[in-house]
Amino acid sequence: MFAASRAQARDRGFLWRLTRDGHSSYLYGTLHVGRDNWLAAGPAMASALQNASTLALELDPLDPDNARRMGVALAQAPSWPLAPELRQRLVRQLQMQCLPVNSVGTSPSELLLSGVALALARRDGFEAQFGSETYLSLFARQRGMPVVSLETVELQLQALLSANAAEAHGMLEDGLRELEAGTARQSLRDLVRMWESGDQQRLDTYQQWCECVVTPMEKLQMQRLLDKRNPAMAQQIDAMHRAGQRVFAAVGSLHMAGDRGLPAVLGRMGYQVERLP
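Residues numbered from 1 in each chain as written. Predicted model: local features only at pLDDT ≥ 70, side-chain atom pairs only at ≥ 80, totals over all residues. Heavy atoms only, no water.

(A) Examining the overall build of the protein chain more closely. What the protein chain contains, in helices and strands, is 14 helices and six strands. Overall, the protein chain is about 60 × 40 × 35 Å in size when its C-alpha atoms are taken along their principal axes. Burial status across the protein chain gives 48% buried among its 277 residues. A sequence separation of at least 24 residues applies to 78% of the contacts in the protein chain between residues at least 6 apart. A total of about 13,200 Å² of accessible surface is found on the protein chain, and carbon and sulfur atoms cover 53% of it. Each charge sign in the protein chain was given a centre, from 29 positive and 29 negative side chains, and these centres are 3 Å apart. (Helix = DSSP H or I, 4+ residues; strand = E, 2+ residues; numbered from the N terminus. Buried < 20%, exposed > 50% of the residue type's maximum accessible area, 1.4 Å probe, protein only. Contact = heavy atoms within 4.5 Å. Areas by Shrake-Rupley, 256 points an atom, 1.4 Å probe, with all protein chains shown as cover. Lys, Arg positive; Asp, Glu negative; His and termini not counted. Charge placed at Lys NZ, Arg CZ, Asp CG, Glu CD.)

(B) Representation of the side chain of Thr 54. The topology assignment puts Thr 54 in strand β3 (residues 54-57). Classification of Thr 54 as buried rests on a relative accessible area of 3%. If near-sequence neighbours (up to four positions away) are discounted, Thr 54 is found in contact with Met 145, Pro 146, Val 148, Met 240, Gln 245, Arg 246, Val 247 and Phe 248.

(C) Representation of the pairing of strand β1 (residues 14-20). Taking burial as the measure, the seven residues of β1 include five buried ones, the bulk of the element. Here seven bridges tie β1 to strand β2 (residues 23-30), and the two strands are oriented antiparallel to one another. Of the residues in β2, the one forming a bridge with Trp 16 is Leu 27. Hairpin connection between β1 and β2: a loop of two residues separates the two successive antiparallel strands, and Asp 21 in this loop has a positive phi of roughly 60°. (Pairing = 2+ DSSP bridges.)

(D) Structural view of helix α5 (residues 109-123). With 15 residues, α5 should reach 21 Å at 1.5 Å per residue; the first-to-last C-alpha distance of 21 Å fits that figure. Residues of α5 that are buried in the fold lie against α4 (84-96), α7 (153-160), α8 (165-181) and α9 (183-197). Note on α5: the residue one or two positions beyond its end, Gly 125, has a positive phi of about 90°. (Expected span 1.5 Å × (residues − 1).)

What follows is the structure in structure tokens.
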């Protein structure tokens, strides 16, 4: 797969150079799903990786300790009671994707919705195992480059999972509505096209066209998933850069959008931020 992808490698996604204190780091907007022929880096991304000394990911997908901690945390995560009507709709979505339904009521409904979304992505040819982070972690390990996680498993799950039964009900209602209307699948397709072409203008206006930031719960979830996590990740990147490391920081592309995205946050921290075509 790597050999085949190298033969047709081209740049995808969003890449910035961050310059401060006489040296440069890089910021890359990833896609968490992908195709096997996207595994190799294009010229601009390959050059940035060769110039970097440390790879920083939201969470390193190949770190066995992350996998262990994720398993422990998910086993302890609460599963809030589901209203019968919502339970029936969730079971229907799982059945439509040939997914097991025995976890309904015992596993967090947010994870079950994610499973449905990944199954829909697979129908369109996108696999989580071919996401940007997997390739980058493999590349770094092959080079002997240190790989660090910008977040912990516990912090990430705190952003992803509901804090109480009311939140769980609202998030499930919103998620089911998007699945049943087909907007969830279409939003992913649009996001992939935006990422493939590196369309920053469309990225910056994502919340205006995705049809996924409509209800109060969706707005709260977007703040928790993106806006509130960005400052802490920027601080981590800044600390490594100030220590003399040339960081290649790869984070989900939606963390790059608008004036609260990582490029804007790091710019306000004194970095010269240059978008690389």
